[in-house]
Amino acid sequence: MTVVVVASLGVIGLALVAALAVTSAVIAAHRARASADLGALAGAIEVARGADPAVACVRSAQVVRRNAATMSGCRVEPDGSVVVVVSASVSWTLPAAGPLTAKARARAGPSP
């Protein structure tokens, strides 16, 4: 009976650790998508106000950083829309998995 209880506790512990890792990855994915959306919107607002594309991308980067993500790409399209690519670190992973990041891309601006 004791062996069964110890084995059951081990399985439950493993399941909890796996659930924590998956939850952390999902949170990072949501953070990356939200940061990309907000960064693209901030850049598109700057473009709509007549700002230079470089200024729009700087504004996008500021917003992305404030949302705990890292911007890896930003471009202003000829139609005035802004495309932003970001990544967010997964805060907790399994030791064997190493560091993981969630990536997202967003576009904001006039309809194509």
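On a predicted model such as this, the values are computed, not experimentally measured, just so you know. (Residues numbered from 1 in each chain as written. Predicted model: local features only at pLDDT ≥ 70, side-chain atom pairs only at ≥ 80, totals over all residues. Heavy atoms only, no water.)

Peer 1: Run through the side chain of serine 24, naming residues and quoting values.
Peer 2: Relative to the helices and strands, serine 24 is located in helix α1 (residues 2-48). We classify serine 24 as buried; its relative accessible area is 6%. At 3.1 Å, the side chain of serine 24 forms a polar contact with the side chain of serine 91. With sequence-adjacent residues up to four places away left out, serine 24 is seen in contact with Val90, Ser91 and Trp92. (Helix = DSSP H or I, 4+ residues; strand = E, 2+ residues; numbered from the N terminus. Buried < 20%, exposed > 50% of the residue type's maximum accessible area, 1.4 Å probe, protein only. Polar contact = N/O pair within 3.5 Å; in protein donor to acceptor, adjacent residues only side chain to side chain. Contact = heavy atoms within 4.5 Å.)

Peer 1: Lay out the environment of valine 90 in plain terms, naming residues and giving numbers.
Peer 2: By secondary structure assignment, the location of valine 90 is in the loop between β2 (82-89) and β3 (101-108). Judged by relative accessible area, which is 13%, valine 90 ranks as buried. Beyond its immediate stretch of four places on either side in the chain, valine 90 contacts Ser24, Ala25, Ala28, Leu100 and Thr101.

Peer 1: Account for the state of the cysteines, naming residues and giving values.
Peer 2: Cysteine pairs can be covalently joined through their sulfur atoms, and such a bond is termed a disulfide. Taken as a whole and assessed by the stated rule, the structure comprises 1 disulfide. The residue that forms a disulfide with cysteine 57 is cysteine 74, at a sulfur-sulfur distance of 2.1 Å. Taking the sign of the torsion about the S-S bond as the criterion, the disulfide between cysteine 57 and cysteine 74, at about -80°, is left-handed. You can see cysteine 57 sitting in helix α2 (residues 53-66) and its partner cysteine 74 sitting in strand β1 (residues 70-76), a full 17 residues away along the chain. (Disulfide = S-S within 2.5 Å.)

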